[in-house]
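Topology and contacts: notes
As a plain string of letters, each chain reads:
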Amino acid sequence: MRSNVVKYYAFKFFSFLFFFNPVFVVFLQENGLSMTQVLALQSVFSIVIVFLEIPTGAVGDYFGRKTSIATGAFLFSLCMFIYSAGSTFWVFLAAELIGGVGIALISGSDSALIYATLKQDGRESEYARIEGNATAWMQTGILAASILGGIIGNFSTRMTLAASGVSSLAACAISLSIKEPQTGTESRPRDSYRTIIVRSLVIVREHRLVLWIFFYVSLVGSIILLCQWFYQPFFMKVGVGLVHFGWIYTALGIVSIIASKMTGSIEKSLGSVGSLAFLAVIMIVCYLGIGSFSSKYAILFFSLHQIYLGTARTILGHRVLSVVPEDKSATILSIAHLGNRFFYAAAGPLFGYLVDSVDLSFSLVCLGGCLAVITIGLFAAYRRVPEHFRRQRNHV
């Protein structure tokens, strides 16, 4: 099963060769879309995930995590090819619908698969390190694609999407070679698909720590997720040329890679909840910084967002996986992601409209203020989580 770890790294790398990343908003605006429409597309994408996160998480637990992530990678590649051939809002909408299904199938099942692999080998204590390394490979893919995407995009933004479709097909092929790990529940009667979903929802509702993490991912995570759509408008606002976008994304990606390699150390030093508080605070600083200073030097504040991207998923996933039943882990992770996408879908068009009708800087400061209020409320609520929920694995 050790080969699964290497293949997991490769899957992460090819899954995130997003050649379109440094020029995607530019591509959409070249095709006549406003920022309101750009974020409306992302809201549709998120709404698809909202409706499918739990069913697709259960697909991973019932039919196998390998099957789930392979199908998801294939559908995302199809999304990219449709985008590369389209030129209207409605074609892009169709692509987002398909891409949303693909991402929902991957979400949760990938982390659950590698955790089950490590547990089968008696190495579950290495999860934070392995997932941190996987995140580093993911960020390396984003970094490499940013360099090439900026160069390709300078000639044709459309070609960056086709190239991303090819890389997703490669990820699909790699996932098919992964061996499905045993979950340790094969000797028990298998829960039905419906039972997996119902019992997972019960765990989220009744396990106070898992419920708190659900709200952290939903509220804090959704506000932070919006940040990625303001990179390119901010670059253009401060006068950065399109040809330099890829290099800036690359430099910022290096920050994320370094952070992901340090995830285990950060979690060990601050604890999982302390780490989450730290990540929320630096993102408040990020939003307020880029919202307050219209200068090329303010681009440095985006490095704080990259620290969050490099560490948050591993820390959150490790904390959840350590306290929930393994045979429902993919479903429970998907429930957390569902909340994130729900609030993201609601907030996206609102802040897109705010950018179009008022100002980018004002919108960013508003996001920082919202995040500060949410963070204070959440960590006040954490103090009321009973101690035994923080320590024990729940077998509901």
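Quick caveat, the model's predicted, so the values are computed rather than measured.

The next subject is the nonpolar core. Of all hydrophobic cores here, the largest spans 100 residues; its most connected members are Tyr83, Trp212, Tyr216 and Phe235. Residue contacts for Phe235: discarding those within four places in its chain leaves Val240, Phe245, Ile248, Tyr249, Ile299 and Phe302. Phe11, Ile106, Ala171 and Ile178 belong to the second largest nonpolar core, which has nine residues in total.

Here we come to the packing of aromatic side chains. Scanning the model with the defined rule gives 26 aromatic pairs in all. Each ring, one from Phe235 and one from Tyr249, has its centre 5.9 Å from the other, and the planes form 80°; the classification is edge-to-face. Here Phe235 is found in helix α11 (residues 231-237), whereas its partner Tyr249 is found in helix α12 (residues 245-261), with 14 residues between them in sequence. For the pair shown, Phe235 and Tyr249 are each scored as buried. Residues Phe342 and Phe343 carry aromatic rings whose centres are separated by 5.3 Å and whose planes lie at 90° to one another, so their mutual orientation is edge-to-face. What makes Phe342 partly exposed here is its relative accessible area of 46%. A residue is classified by how much of its surface remains accessible, and Phe343, at 32% relative accessible area, is partly exposed. Each member of the aromatic cluster is reached from another via a ring pair, and the members are Phe16, Phe18, Phe20, Phe24, Phe27, Phe76, Tyr83, Phe92 and Trp229.

Now for empty space enclosed by the protein. One pass over the full model with this rule turns up two cavities of 30 Å³ or more. Here the second largest cavity defines a volume of roughly 40 Å³. Together, Val204, Val210, Ile213, Phe214, Val320, Ile332, Ile335 and Ala336 line the second largest cavity. For the lining of the second largest cavity, the secondary structure elements donating two or more residues are α10 (208-225) and α15 (329-357). Of the residues in the lining of the second largest cavity, the class split is eight nonpolar, no polar and no charged.

Next up on the list: the confidence of the model for the chain. Residues with a pLDDT of 70 or more make up 93% of the chain, whose mean pLDDT is 85. When pLDDT is averaged over each helix and strand of the chain, the minimum, 67, is found for helix α17 (residues 387-391) and the maximum, 94, for helix α8 (residues 157-176).

At their nearest, the axes of α10 and helix α16 (residues 360-382) sit 10 Å apart, and the two run at 175° to each other. One element, α10, and the other, α16, form an angle in the roughly antiparallel class. Between α10 and α16, the contacting residues are Leu209, Trp212, Phe215, Tyr216, Leu219, Val220, Ile223 and Ile224 on the first element and Leu367, Leu371, Ile374, Thr375, Leu378, Phe379, Ala381 and Tyr382 on the second. Grouping the amino acids of the contact of α10 with α16 by side-chain chemistry returns 15 nonpolar, one polar and no charged.

What counts, and at which threshold
Residues numbered from 1 in each chain as written. Predicted model: local features only at pLDDT ≥ 70, side-chain atom pairs only at ≥ 80, totals over all residues. Heavy atoms only, no water. Core = buried A, V, L, I, M, F, W, Y, C linked by side-chain atoms within 4.5 Å. Buried < 20%, exposed > 50% of the residue type's maximum accessible area, 1.4 Å probe, protein only. Contact = heavy atoms within 4.5 Å. Phe/Tyr/Trp six-rings, centres within 6.5 Å; stacked < 30°, edge-to-face > 60°. Helix = DSSP H or I, 4+ residues; strand = E, 2+ residues; numbered from the N terminus. 1 Å grid on protein atoms, 1.4 Å probe; cavity = no way out; pocket = protein on both sides within 12 Å on 5 of 7 lines; lining within 4 Å. Points joined across faces, edges and corners; volume = space filled by probe spheres on them. Nonpolar A, V, L, I, M, F, W, Y, C, P; charged D, E, K, R; others polar. pLDDT = per-residue confidence, 0-100. Axes fitted to C-alpha atoms, helices over the stretch in contact; angles between N-to-C directions. Parallel < 35°, antiparallel > 145°, perpendicular 65-115°, else oblique.

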